[in-house]
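Commentary on secondary and tertiary structure
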Amino acid sequence: MKKLYSLVIPLYNEEQVIHECIKRVTHVMTDKDFDYEVIFINDGSKDMTESIVKEYCLNDAHLKLISFSRNFGHQTAITAGMDNAKGDAVIVMDADLQDPPEVVLQLISKYEEGYDVVYAIRSKRKGETFFKKLTAKIFYRFLRNMCEVDIPIDTGDFRLISRQVCDVLKGLTERNRYVRGLVSWVGFKQTGIYYEREERFAGETKYPLKKMLKLSMDGITSFSTKPLKMTKWIGLVMAALGFIYALVIIIQKLAGIQMQTGWASTIVIILLIGGIQLIMLGITGEYIARIFDESKNRPLYIIKEKVNMDE
Ligand code: UDP
Ligand code: MG
């Protein structure tokens, strides 16, 4: 029997790229010795994305659409795609053609060699700002040092996962998801291939700084408790410094050295310690907010409509 591959493609205001995306993906996937389905997830787009995809779905049963009731975010959209994919393997890619559809065939051939997870590592990133490239580079390395899970660097969500891995992921219902971390966490036989990340085909990035920060916080807090533990070490160092300074003052007093009275140094110390305390409180808050999110037990996403998908 022919294998079925599911492509999961999240869409948020992508009316400018959707035509080309469908064209390229269809071109790559047709007339092969496998079957395919493309699951688009409309993540609450405010433009014409939804109606354009629906139009395409009418004419091609390979194309499927899940529409969210609002914007739930990229990672949640991917999750919904995986939850609804029927394939023997599931491939996640961006709509903007930064992840070239042709690379999908390489992912598939690795899968056929027997790997459960094939992730695509960015050897080069074209057409992205210096700021984005630099922060991404630093973040991937920082995360790797912080966490206990072996998360590959310079790797986004562009990857293939086997049916078995997909089923395991479906059982992980945590909210503030960092999907690429979860995929690493589940284990199985994993490998990577290198590719050059293209320029966005059209339109602007749907990942402004705010969403990037949220994603990176999700990555760190989901896979490391080191920031929390760091608190006590910083507290300890500050206390030790305070103790040493107290000794210095006593010795100066005993030695009869005239002391300078200065409010400047006092203010600096108060600000410094106050600042550190607030930062630590903030870090604790990030974790508590996530515990709160989990405890509410709301569904991860709300589906408004499905097209071309049989229940
Ligand atoms: N995306 C989404 N929901 C969002 C933000 C982005 O579904 O809230 C989708 C977007 O349509 C694209 C993919 O996620 O298919 C990656 O986004 P983008 O290309 O803007 O990110 P970048 O490549 O700039 O990091
Ligand atoms: Mg992109």
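In what follows, the structure referred to is the one given above.
Our subject in this report is the structure included herewith.

Rules and cut-offs
- Residues numbered from 1 in each chain as written.
- Chains lettered and ligands numbered in written order.
- Predicted model: local features only at pLDDT ≥ 70, side-chain atom pairs only at ≥ 80, totals over all residues.
- Heavy atoms only, no water.
- Near = heavy atom within 4 Å.
- Polar contact = N/O pair within 3.5 Å; in protein donor to acceptor, adjacent residues only side chain to side chain.
- Areas by Shrake-Rupley, 256 points an atom, 1.4 Å probe, with all protein chains shown as cover.
- Nonpolar A, V, L, I, M, F, W, Y, C, P; charged D, E, K, R; others polar.
- Core = buried A, V, L, I, M, F, W, Y, C linked by side-chain atoms within 4.5 Å.
- Buried < 20%, exposed > 50% of the residue type's maximum accessible area, 1.4 Å probe, protein only.
- Contact = heavy atoms within 4.5 Å.
- Donors = N, O, S within 2.8 Å, 3.2 Å for Na, K, Ca; no water.
- Helix = DSSP H or I, 4+ residues; strand = E, 2+ residues; numbered from the N terminus.
- Phe/Tyr/Trp six-rings, centres within 6.5 Å; stacked < 30°, edge-to-face > 60°.
- Lys, Arg positive; Asp, Glu negative; His and termini not counted.
- Salt bridge = Lys/Arg side-chain N within 4 Å of Asp/Glu carboxyl O.
- Pairing = 2+ DSSP bridges.
- Right-handed = clockwise from strand over helix to strand, strands pointing away.
- Expected span 1.5 Å × (residues − 1).

1. Here we look at the site of ligand 1
Lining the immediate surroundings of ligand 1 are 19 residues, of which E14, D96, Q98, T205 and K206 lie closest. Between ligand 1 and A95, the relevant distance is 3.0 Å, taken from an oxygen atom to a main-chain nitrogen or oxygen of the residue. Here K211 contributes a side-chain N or O atom positioned 2.8 Å from an oxygen atom of ligand 1. Here ligand 1 loses 96% of its free accessible area of 530 Å² to cover by the protein chains. Considering only residue class, the shell around ligand 1 consists of five nonpolar, five polar and nine charged.

2. Brief notes about the nonpolar core
Among the nonpolar cores identified, the biggest contains 39 residues, and F68, M82, I161, L169 and Y178 are the most heavily contacted of them. Residues in contact with F68, not counting those within four places in the same chain, are I41, N42, D43, G44, T76, A77, A80, Y301, I302, I303 and K304. In terms of nonpolar packing, the next biggest core, distinct from the first, is built from 37 residues, L11, V53, V103 and A120 among them.

3. So, the coordination of the magnesium ion (ligand 2)
Distances from the magnesium ion (ligand 2) to its protein donors, D96 (OD) and Q98 (OE1), fall at 1.9 Å. On the accessibility criterion, Q98 (6% relative accessible area) is buried.

4. Some thoughts on the environment of V28
Mapping V28 onto the fold places it in helix α1 (residues 18-29). On the basis of relative accessible area, V28 is assigned to the buried category, the value being 5%. Note: C-alpha distance between V28 and P101 (73 residues apart in sequence) is 6.7 Å. Ignoring any residue separated from it by four or fewer positions in sequence, one finds V28 in contact with P101, E102 and L105.

5. Here we look at the packing of aromatic side chains
In this structure the tally under the stated criterion is eight aromatic pairs. Consider the rings of Y5 and F34, whose centres lie 5.1 Å apart with planes at 90 degrees: the pair is edge-to-face. With Y5 in strand β1 (residues 3-11) and F34 in strand β2 (residues 34-42), this pair connects stretches of sequence that are 29 residues apart. Accessibility expressed as a relative area gives 7% for F34, which makes it buried. Arranged with centres 5.2 Å apart and planes meeting at 20 degrees, the rings of F68 and Y301 form a pair that is stacked. Taken together, the positions of F68 in strand β3 (residues 63-68) and Y301 in the loop between α10 (263-296) and β8 (303-307) put the pair 233 residues apart, joining distant regions of the chain.

6. Regarding the side chain of R122
Inspection of the secondary structure assignment puts R122 in strand β5 (residues 117-125). Buried charge without a salt bridge: R122, with D99 as the nearest opposite-charge side chain at an N-O distance of 5.2 Å. One polar contact links R122 to Y140, side chain to side chain, over a distance of 3.4 Å. The contacts of R122, once residues within four sequence positions are left out, are Y140, D154, G156, Y195 and R197.

7. What about the pairing of β2?
Most of β2 is tucked away, with eight of its nine residues classed as buried. Of the pairings in the sheet, the one linking β1 to β2 comprises nine bridges and is parallel in character. Directly across from P10, in β2, lies its bridge partner I41. Once you follow β1 into α1 and on to β2, the crossover reads as right-handed. Pairing between β2 and β3: five bridges, direction parallel. Of the residues in β3, the one forming a bridge with I39 is K64.

8. Observations concerning the side chain of E50
Inspection of the secondary structure assignment puts E50 in helix α2 (residues 49-59). Here S67 takes part through its side chain, which lies 3.1 Å from a polar atom of the side chain of E50. Apart from residues no more than four positions distant in its own chain, E50 is found in contact with N42, L65, S67, K304 and E305.

9. A few points about helix α5 (residues 130-146)
Between its terminal C-alpha atoms α5 stretches 24 Å, which fits the 24 Å expected from 17 residues at 1.5 Å a residue. Buried residues in α5 make contact with β5, β6 (155-162), α7 (179-186), α8 (209-223) and α9 (226-254).

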